[in-house]
Amino acid sequence: GTLAAVFRHEGGFAGLYRGVSAPLVAVIPSFAVSFFVFDATKTQLQNFTRKEDVWQVCIAGGATGFATTFFLGPMERLKVLMQMENNSGKE
């Protein structure tokens with residue numbers, strides 16, 4: 001099957017992880033930015049209003065989406081370029 005083919009043609013167990021480094025370049029910072037911005041925004045809003053509200057979660061989520069897109073758009077481009085570089089010449 002497929003697993004046997006990967007082991008046979010892609011270098012054994014290490015073949016299962018070939019190409020994983022490029023997605024990790026974007027995924028790890030993405031989660032770090034997301035969690036940080038969400039928590040920081042929600043905390044600041046709660047400190048400002050002195051209460052917890054569903055709108056604070058919505059605003060924090062929106063801020064998270066903006067920050068993730070703004071800061072990680074270039075990281076996504078880097079990931080794609082790395083994948084293209086790794087696959088160039090392979091048919």
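Quick look at the structure, then. (Residues numbered from 1 in each chain as written. Predicted model: local features only at pLDDT ≥ 70, side-chain atom pairs only at ≥ 80, totals over all residues. Heavy atoms only, no water.)

1. Focus: a nonpolar patch on the surface
Side chains of Leu3, Phe7, Phe13, Leu16, Tyr17, Val20, Leu24, Val27, Ile28, Phe31 and Phe35 sit close together on the surface and give an oily, nonpolar patch of about 1,100 Å² of accessible area. Taken together, the elements giving at least two residues each to the nonpolar patch come down to helix H1 (2-9) and helix H2 (21-49). Element by element, the count of residues in the nonpolar patch is highest for H2, at five residues. Residue position: phenylalanine 31 is located in helix H2. (Patch = residues over 30% accessible without salt bridge, like charges linked within 9 Å, V, L, I, M, F, W, Y side chains within 5 Å. Areas by Shrake-Rupley, 256 points an atom, 1.4 Å probe, with all protein chains shown as cover. Salt bridge = Lys/Arg side-chain N within 4 Å of Asp/Glu carboxyl O. Helix = DSSP H or I, 4+ residues; strand = E, 2+ residues; numbered from the N terminus.)

2. Concerning the packing of aromatic side chains
In total, this model carries three aromatic pairs according to the counting rule given. Judged by centre distance (6.3 Å) and plane angle (25 degrees), the rings of phenylalanine 31 and phenylalanine 35 are stacked. On the criterion of helical spacing, the pair formed by phenylalanine 31 and phenylalanine 35 is a turn pair, its members being four residues apart in helix H2. The pair phenylalanine 31 / phenylalanine 35 is uniform in exposure class, with both members exposed. (Phe/Tyr/Trp six-rings, centres within 6.5 Å; stacked < 30°, edge-to-face > 60°. Buried < 20%, exposed > 50% of the residue type's maximum accessible area, 1.4 Å probe, protein only.)

3. A few points about unusual backbone geometry
Phi at arginine 50 is positive, roughly 60 degrees, even though this residue is not glycine. Overall, the relative accessible area of 71% leaves arginine 50 in the exposed class.

4. So, the environment of phenylalanine 66
Considering the arrangement of structural elements, one finds phenylalanine 66 in helix H3 (residues 54-87). Taking the relative accessible area as the measure of exposure, phenylalanine 66 reaches 59% and is therefore exposed.

5. Points about the environment of alanine 14
Relative to the helices and strands, alanine 14 resides in the loop between H1 and H2. Between the C-alpha atoms of alanine 14 and alanine 4, which are 10 residues apart in sequence, the distance is 13 Å.

6. Regarding the side chain of threonine 64
Along the chain, the position of threonine 64 falls in helix H3. Overall, threonine 64 belongs to the buried group, its relative accessible area being 11%. Excluding residues within four positions of it along the chain, threonine 64 makes contact with Ser34, Val37 and Phe38. (Contact = heavy atoms within 4.5 Å.)

7. Digging into the packing of H2 against H3
Running from N to C, H2 and H3 cross one another at 165 degrees; their axes reach a closest spacing of 8 Å. With respect to H3, the element H2 is oriented roughly antiparallel. The hand of the H2/H3 crossing is right-handed. Classifying every residue of the contact of H2 with H3 gives 18 nonpolar, 10 polar and three charged. (Axes fitted to C-alpha atoms, helices over the stretch in contact; angles between N-to-C directions. Parallel < 35°, antiparallel > 145°, perpendicular 65-115°, else oblique. Left-handed = near helix turned anticlockwise from the far one by under 90°. Nonpolar A, V, L, I, M, F, W, Y, C, P; charged D, E, K, R; others polar.)

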